[in-house]
Amino acid sequence: MASSVAEDEKRRTQQSPQVTQASAAGPGGAAEHTKQSTAATRASFVFADWQKSIEATTNFFAAALKDGLRLTASSLHDHANFLKVVAEVKTPSELLKSYLDLAERSWSKSFSEGSKLLDNLKIQQHQR
C-alpha cells in the first residue's frame, strides 16, 4: 500500500497543474478529468467522421435523385413525342418503327444514366 501511495504522489507531481487541481477538487479528480477529456476527444473525432459520412451519403443521394428526375423528365418527353408520332402513323410498319425507335432511345438513355450513377458511386467511394 505504501508503494501505491508513493506511485500516486509521483504521478501527481508529473502531471500538469490543472490536473493536480482537478484531483484536489474531488474524489478521483485526476482520473475523472483524464477520462472526460479522452472521451470528449474520442467523441468529437467520431462525430466528425460520422458527419463527413452523412454529408457524403446525403450528397450522393441528392445527385442520384437529381439524375433520376432528369431521366424521368426526358423519358416523359420521349413518350409524349412517341404519342404524337403514333397519332400520325398510317401503316403498321411505321408504327413498328416508331416503337423500335422509342425502345432504342429509352435503352440508351437508361444505360447512359445508369453509367453516370455508377460513376458517381465510384467517386464517392474513392473520396472516403
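Procedures and definitions
Numbering of residues starts from 1 in every chain and runs along the sequence as written. Local features in a predicted model are, by the rule used here, given only for residues with pLDDT of at least 70; side-chain atom pairs are given and counted only at 80 or more, and totals for whole chains, interfaces and linings are based on all residues. In computing side-chain values, all of the structure's heavy atoms are included and hydrogens and water are not. Working definition: rings of Phe, Tyr and Trp (its six-membered ring) pair if their centres are within 6.5 Å, and the pair is stacked with planes under 30 degrees apart, edge-to-face with planes over 60 apart, and tilted otherwise. A 1.4 Å probe rolled over the protein chains alone gives each residue an accessible area, and that area as a share of the maximum for its type sets the label: buried under 20%, exposed over 50%, partly exposed in between. Secondary structure follows DSSP: runs of H or I at least 4 residues long count as helices, runs of E at least 2 residues long count as strands, and numbering of each begins at the N terminus. The contact rule is simple, with two residues in contact once any of their heavy atoms fall within 4.5 Å.

Asker: Just checking my understanding: could you explain the packing of aromatic side chains for this structure?
Answerer: Aromatic ring pairs are defined here through the distance separating the ring centres and the angle between the ring planes. All told, the structure shown has 2 aromatic pairs when counted by the stated rule. A ring pair is formed by Phe60 and Phe61, whose centres lie 5.6 Å apart and whose planes are at 55°; its orientation type is tilted. Residue classification places Phe60 among the buried residues on the basis of a relative accessible area of 16%. When the ring of Phe82 is compared with that of Tyr99, the centres are 4.9 Å apart and the planes differ by 55°; the resulting orientation is tilted. Within this pair, whereas Phe82 is found in helix α3 (residues 29–88), its partner Tyr99 is found in helix α4 (residues 92–127), the two being separated by 17 residues in sequence.

Asker: Quick question: what am I supposed to make of the side chain of Asp78 here?
Answerer: Tracing the backbone shows Asp78 in helix α3. Take Asp78: its relative accessible area is 9%, and that puts it in the buried class. Excluding residues within four positions of it along the chain, Asp78 makes contact with Leu102, Arg105 and Lys109.

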